[in-house]
Each structure stands twice: as structure tokens, then as C-alpha cells.
Amino acid sequence: MRFRPFASLSVAAVAALLLAGCAGSPDQAQTPDATGTTDAGQCQAPLAEAPAPEGLTVAGDFQSKVDVILPDAYAPADLQRTTLIEGSGEQVQAGDVLKANFTLVDAASGAVQLQSIESAPDGMDTLISSQQIFGASLQCATIGSRTVSSFPAGALGDGSPAFVLIADAIEELPTRAEGTEVAPVEGMPTVTFADNGAPTITVPTTPAPAETRIENLRKGTGDVVNPGDTVIVQYTGVLYDGGTVFDSSWDRGEPAQFATTGVVPGFKKALEGQTVGSQVVAVIPAVDGYGDQASGSIPANSALVFVVDILGVQHAAEGAQ
């Protein structure tokens, strides 16, 4: 399999770059990775399980900063993973959201590119997806596990160097918003929910507002989403005119992940300033959507409605907004 490349490996930007662009967004269709599919009842890891290379050692307690020693002239030839600590929790599946710690090491130099514990001491919010290296390093492991994964040169895109990634799976997070319920506001779309949390949106018969209107259905107590952050969300989008669904992470079967700077202005407004665990309904006029341009099944000059569950956030590096 081939993982999507990241644009640079500056220490300041690596965390956001590794997360951004690896899952679907409201204006970009997902392309599932066939290697991440599973037989009925069986978890198929995207990385082959193999013994750790001789001379590769990882020192440090679980959920703490680690020191990594690589073999001399280490140049991994295969995508592989070794379980260093076997956890006793639930098995991690594609589409799960975790708190996890990561240490990313340049295989050639041994230089540490990322110690996520420095910016997220309680664990980094992580979407498990076989399409990005954080998710691949823990998919099919169990909560409480530590893995070490190797990525050969070129695995992360043409010209990319080789990396080693140490990952601790700390705890599983909800895949639907669980904040305090907020009373619905008159004049906004009405929303009902399936047992799994998927929303059904009924649009008012009144004309769409001239400006983006945002209300909370639930208010979470987690971290605040700041400008430029990367979010993990569940969402459904419908056309204000007729209520037709044009996009839904629920229909795809797993949450989505993207930077707030990578979506239309109205969706960005619905995310920034909110807290993890919140659920938001946003009515977005065309001026804050796609304007006079059509996009996929969205006609030109369309007002939109989104219902968004905010499940996790990765804060942008300072100055990256």
C-alpha cells in the first residue's frame, strides 16, 4: 500500500501535516483503501506483523516520552509493525477515534520528528484509518498496546525518507457527540437521530437566511477548536432547498478528518470556537458555501445545512493558521 505524502517534515508542522488530508471532507470524496477491508468478524491490519529489527530498542513507560535506538544504517525495506506491549482493552478498528501517543523518528538520522506527548500530554486525538500512518500503526491492535512500525523510503510519497513510528493506544473516544443537550432553536432545521447517532434533517419551509446561522444541539466540555486546527467529525450535509443529502460521513461508515481551513467558509464558522463533544447545526447561504459554482451534487447558488458532531481536535502549530 502507499500512504499519502506530507509536504514537509519541519518539527513545527509535522503533527498537522501527518493528519491533514488523510480522510474525507465535505468538498472532497473519500477513496477507501482496499487493504483496510476486513472479512466478516476479522480485523485486517494494514501493516504486516513482524519481529522488530535486531538492534531496534524503545525505552520508556507506556503513555510517557520514549527513547528510540535504531540499528546502524537502518533502512527498512518493508511496511511492518511489531507489538511491543500487548494491551488488554478492545481491539482498535478502522473508524475508531482514540487518544494515543506517537513518536516519529527519521530512520536514516535517528532524529525525532515528533513527540506528541509534548503538545498533547493526555494523548493525541486520532482517527484510525489505514490511509494515514498514525491510524495504520494501531489498527487491529488493542487498547493499552504499544507498537513500533517501519515505513520504507517512498512509502509516504515519492522521495519521502524512511520512518519509524512508536504508538501507544491509550483509550477509545466516542464516535458521536456526547455533550450536554441544548434545546432546539425556533426557525432552525429540526433534527432526529438514529440509534447510532446518524441525523435526519428536516429543513424549514421559510427562505434560507442571508447570513450563516449556527446553533448548538449539544455542548461539549473538551478542547476548543481554534483557527487552522484539524478536526475529527461526523457530519451530514443537505440542500436547504428540498433537504436532499449530498454528503455524509455516517453513510461512509466512519468519521472524517480535515483542517478547518480546508472547507467552505460557513462550515469553517461552524467548527472554530466550538468544543470537542459538541454537536452543531449550521445553515449556510450560498455566499458562505459554493457561491455560484456547482460542486458535485450541489447546484450553483445553493444554501446548505450541516449537522456536525465534533469528536476530536489536533491543534495547528503556532503560526500555521
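Residues numbered from 1 in each chain as written. Predicted model: local features only at pLDDT ≥ 70, side-chain atom pairs only at ≥ 80, totals over all residues. Heavy atoms only, no water.

Visitor: Residue-level account of the overall build of the chain, with values.
Guide: Helix and strand content of the chain: 4 helices and 18 strands. Residue burial in the chain is summarised as follows: out of 321 residues, 54% are buried. Sequence-distant contacts, at least 24 apart, represent 74% of the contacts inside the chain between residues at least 6 apart. Counting only carbon and sulfur atoms, one obtains 50% of the accessible surface of the chain, whose full area is about 14,100 Å². (Helix = DSSP H or I, 4+ residues; strand = E, 2+ residues; numbered from the N terminus. Buried < 20%, exposed > 50% of the residue type's maximum accessible area, 1.4 Å probe, protein only. Contact = heavy atoms within 4.5 Å. Areas by Shrake-Rupley, 256 points an atom, 1.4 Å probe, with all protein chains shown as cover.)

Visitor: Give me the state of the cysteines: which residues, what numbers.
Guide: Evaluated as defined, the whole model comprises 1 disulfide. Across a sulfur-sulfur distance of 1.9 Å, C43 and C140 are joined as a disulfide pair. Disulfide C43 to C140: torsion about the S-S bond roughly -85°, handedness left-handed. Placement of the pair is C43 in the loop between helix 1 (14-19) and strand 1 (48-49) and C140 in the loop between helix 2 (133-138) and strand 8 (146-151), with a sequence separation of 97 residues. (Disulfide = S-S within 2.5 Å.)

Visitor: Go over the nonpolar core with me, naming the residues and quoting the values.
Guide: If you look at the biggest cluster of nonpolar residues, it comprises 24 residues, and the most contacted ones within it are F258 and F267. For this core, the elements supplying multiple residues, two or more each, are strand 14 (230-239), strand 16 (256-259), helix 4 (265-271), strand 17 (279-284) and strand 18 (304-314). Counting residues in hydrophobic clusters, the runner-up holds 23 residues, among them A100, F151, L165 and A169. (Core = buried A, V, L, I, M, F, W, Y, C linked by side-chain atoms within 4.5 Å.)

Visitor: Residues and numbers for the confidence of the model for the chain, please.
Guide: It should be kept in mind that the predicted coordinates are not to be read in detail where pLDDT is low. Summary statistics for the chain give a mean pLDDT of 87 and a share of 86% for residues scoring 70 or more. Between residues 1-40, whose pLDDT stays under 50, and residues either more than four places distant or in other chains, the model counts 94 contacts. (pLDDT = per-residue confidence, 0-100.)

Visitor: Could you give an account of the pairing of strand 7 (residues 124-127), naming the residues involved and the relevant values?
Guide: Neither face of strand 7 is open: one carries M124 and T126, the other D125 and L127, and all of them are buried. Of the pairings in the sheet, the one linking strand 5 (residues 97-106) to strand 7 comprises 4 bridges and is antiparallel in character. Residue V97 lies in a different strand from strand 7, and its bridge partner there is L127. (Pairing = 2+ DSSP bridges.)

Visitor: Kindly report on the packing of aromatic side chains, identifying the contributing residues and their values.
Guide: Both the distance between ring centres and the angle between the ring planes are used here to describe each pair of aromatic rings. Per the stated rule, a full pass over the model turns up 7 aromatic pairs. Between F102 and F134, the ring centres sit 4.3 Å apart and the planes meet at 20°, which makes this aromatic pair stacked. Separated by 32 residues along the polypeptide, F102 in strand 5 and F134 in helix 2 bring together distant segments of the chain. Residue F134 is classed as buried on the basis of its relative accessible area of 0%. Arranged with centres 5.6 Å apart and planes meeting at 85°, the rings of F246 and F306 form a pair that is edge-to-face. (Phe/Tyr/Trp six-rings, centres within 6.5 Å; stacked < 30°, edge-to-face > 60°.)

Visitor: Give me the pattern of salt bridges: which residues, what numbers.
Guide: With the rule as written, the count across this model stands at 9 salt bridges. Linking R81 and E49 is a salt bridge whose minimum nitrogen-to-oxygen distance equals 3.7 Å. Of this pair, R81 sits in strand 4 (residues 80-85) while E49 sits in strand 1, and the two are 32 residues apart along the sequence. A relative accessible area of 3% places R81 in the buried class. With its nearest N and O atoms 3.3 Å apart, the salt bridge here joins K65 to E118. On the criterion of sequence distance, the pair formed by K65 in the loop between strand 2 (57-59) and strand 3 (67-69) and E118 in the loop between strand 6 (112-115) and strand 7 is long-range, its members being 53 residues apart. Judged by its relative accessible area of 56%, E118 falls in the exposed class. (Salt bridge = Lys/Arg side-chain N within 4 Å of Asp/Glu carboxyl O.)

Visitor: Quick rundown of the environment of E272? Include the residues and the values.
Guide: Topologically, E272 is positioned in the loop between helix 4 and strand 17. Remark: the alpha-carbon pair of E272 and D229, spanning 43 residues in sequence, is separated by 8.3 Å. A polar atom in the side chain of E272 sits 3.4 Å from the backbone nitrogen of G228. Within polar-contact distance, the side chain of E272 engages the side chain of K268 at 3.0 Å. (Polar contact = N/O pair within 3.5 Å; in protein donor to acceptor, adjacent residues only side chain to side chain.)

Visitor: Quick rundown of the pairing of strand 4? Include the residues and the values.
Guide: Bridge count for strand 1 against strand 4 is 2 bridges, and the pairing is parallel. If you follow E49 over to strand 4, its bridge partner there is R81. As judged from the 5 bridges shared by strand 4 and strand 8, these two strands associate in the antiparallel manner. Within strand 8, the residue paired with T83 across the bridge is T147.

Visitor: Could you give an account of the side chain of R146, naming the residues involved and the relevant values?
Guide: Looking at the element boundaries, R146 is found in strand 8. Its relative accessible area of 3% is what places R146 among the buried residues. A polar contact is formed between the side chain of R146 and the backbone oxygen of D61, at a distance of 2.8 Å.

Visitor: Kindly report on unusual backbone geometry, identifying the contributing residues and their values.
Guide: Trans peptide bonds make up most of the peptide bonds, and negative phi angles are found at most residues other than glycine. Although it is not a glycine, Q63 adopts a positive phi angle of roughly 60°. Looking at the secondary structure, you find Q63 in the loop between strand 2 and strand 3. Its identity is not glycine, yet A73 carries a phi of approximately 55°, on the positive side. With a relative accessible area of 78%, A73 lands in the exposed category.

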